[in-house]
Amino acid sequence: MVLKVYGFPKSTCTARVLTCLEEMGATYEVVPINMATGEHKGPAHLARNPFGQIPAIEDGDVKLFESRAISKYILRKYKGSGPDLLREGKIEESAVVDLGVEVEVHHYNPLISTIIFQLRFAPMLGRTPDQKIIDTNVEALGKVLDVYEARLANHKYLAGDFFSFADLTHFSYTFYLMATPYASLITSRPHVKAWWEDMTARPAVAKVAAIMSG
Ligand code: GS8
């Protein structure tokens, strides 16, 4: 049975899962969940994710939610059919991949998701973006990106000199940031800019970017 992704490709967390599936060349089916009608809070989806969020997957008996856990499952399941993005064969490397993912979860994501919510999703919900919230988070995200710039000055990628899930997990929110007036957070930092350009040149990433733009 084909792996099913319950979600919406334009949602950042669904897109994170799609980038991993595309990197690994996996066959999958997206089962659309209509957030506008509240389908994600209905009983069928709550059975997949009791927190009523997308994405969730079903792969035979494997049922998961949380986009990063799903992503790691996919990268492990299809190991050997695509790039080694978790580096689990080498404890020193996988530890740094884990570190980069934790930094994304705890330092990068809370700030960028707040900015994108204000600029992209609040208007869709008929709300006016709160500039004060945007400014505070843009300033804080700049400081996080200063740390990234220093790291990327010494290593091509966040976990070392190899592309990994630590990099890829940043893609979907950053993609939306690049369409805002705050793209200079990325482009003004030369190593971060080169890192972003390298990532978006990957065919799998470009494919998901096209899906997100569609
Ligand atoms: C977050 C999922 C999430 O926020 C993950 O999968 O990584 N930590 C989880 N999903 C949003 C859609 S944006 O991608 C969602 O379902 N929001 C509706 C809600 O929270 O009610």
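Look a little higher up for the structure.
Here is what the cut-offs are and how they apply
Residues numbered from 1 in each chain as written. Predicted model: local features only at pLDDT ≥ 70, side-chain atom pairs only at ≥ 80, totals over all residues. Heavy atoms only, no water. Helix = DSSP H or I, 4+ residues; strand = E, 2+ residues; numbered from the N terminus. Rg over C-alpha atoms; globule rule 2.2 N^0.38 Å. Buried < 20%, exposed > 50% of the residue type's maximum accessible area, 1.4 Å probe, protein only. Pairing = 2+ DSSP bridges. Axes fitted to C-alpha atoms, helices over the stretch in contact; angles between N-to-C directions. Contact = heavy atoms within 4.5 Å. Core = buried A, V, L, I, M, F, W, Y, C linked by side-chain atoms within 4.5 Å. Near = heavy atom within 4 Å. Polar contact = N/O pair within 3.5 Å; in protein donor to acceptor, adjacent residues only side chain to side chain. Areas by Shrake-Rupley, 256 points an atom, 1.4 Å probe, with all protein chains shown as cover. Nonpolar A, V, L, I, M, F, W, Y, C, P; charged D, E, K, R; others polar.

Chemist: Hey, could you run me through the overall build of the protein chain in this one?
Modeler: On a plain count of helices and strands, the protein chain comes out with 10 helices and 4 strands. When its helices and strands are written in sequence order, the protein chain yields β-α-β-α-β-β-α-α-α-α-α-α-α-α. Relative to the globule expectation of 17 Å for 214 residues, the C-alpha radius of gyration of the protein chain, 17 Å, shows essentially globular dimensions. Across its three principal axes, the protein chain shows a C-alpha extent of roughly 50 × 45 × 25 Å. Each of the 214 residues in the protein chain was classed as buried or not, and the buried ones make up 48%.

Chemist: What is the right way to look at the sheet that holds strand S2 (residues 28-32) in this model?
Modeler: What links the strands of a sheet is backbone hydrogen bonding, and the strands pair in either a parallel or an antiparallel sense. Reading across from one edge, S2-S1-S3-S4 is the order of the 4 strands in this open sheet, with mixed pairing throughout. Strand pairing shows two members of the sheet lacking a second neighbour, S2 and strand S4 (62-65), which therefore form its edges. Going across the sheet, the axis of each strand differs from the next one's by a mean of 20 degrees, ignoring polarity. Where strand S3 (residues 56-59) meets S4, 4 bridges bridge the pair, whose relative direction is antiparallel. The residue of S4 that forms the bridge with alanine 56 is phenylalanine 65.

Chemist: I tried to follow helix H3 (residues 67-77) on my own but got confused; where do I start?
Modeler: The periodicity of an α-helix, 3.6 residues per turn, causes residues three or four places apart in sequence to face the same way. Of all 11 residues that make up H3, 8 are buried, and the element is covered over most of its length. Along H3, the residues classified as buried are Ser67, Arg68, Ile70, Ser71, Lys72, Tyr73, Ile74 and Leu75. Where H3 is buried, its residues meet strand S1 (3-7), helix H1 (12-23), S3, S4, helix H4 (91-124) and helix H6 (165-168).

Chemist: Please explain the nonpolar core as it appears in this structure.
Modeler: Grouped together as the largest cluster of nonpolar side chains are 56 residues, with contacts concentrated most on Leu21, Ile74, Leu141, Tyr148, Phe165, Phe171 and Leu177. If we ignore the near neighbours within four places in the chain, the residues touching leucine 177 are Ile112, Ile115, Ile116, Leu141, Tyr182, Ala183, Leu185 and Ile186. Tyr6, Ile33, Ile54 and Ala56 belong to the second largest nonpolar core, which has 5 residues in total.

Chemist: So what exactly am I meant to see when it comes to the environment of arginine 76 here?
Modeler: Residue position: arginine 76 is located in helix H3. Apart from residues no more than four positions distant in its own chain, arginine 76 is found in contact with Leu86 and Glu88.

Chemist: Honestly, the site of the ligand in this entry has me stumped. Any pointers?
Modeler: Taken together, 13 residues sit near the ligand, with Lys41, Gln53, Ile54, Glu66 and Ser67 positioned nearest. The separation between an oxygen atom of the ligand and a polar side-chain atom of glutamine 53 is 2.8 Å. One nitrogen or oxygen atom from the side chain of glutamate 66 is found 2.7 Å from a nitrogen atom belonging to the ligand. A total of 520 Å² of accessible area belongs to the ligand in isolation, and the protein chains cover 74% of it. Taken together, the elements giving at least two residues each to the shell around the ligand come down to H1 and H3. Counted by class, the shell around the ligand contains 4 nonpolar, 6 polar and 3 charged residues.

Chemist: Any chance you could explain the side chain of threonine 14 here in plain terms?
Modeler: Mapped onto the secondary structure, threonine 14 falls in helix H1. Here the side chain of threonine 14 touches phenylalanine 8 through a polar contact of 3.3 Å, landing on its backbone oxygen. A distance of 2.7 Å separates the side chain of threonine 14 from the side chain of serine 11, its partner in a polar contact. Apart from the residues lying within four places of it in its own chain, the contact partners of threonine 14 are Val5, Gly7, Phe8, Pro9, Ile54 and Pro55.

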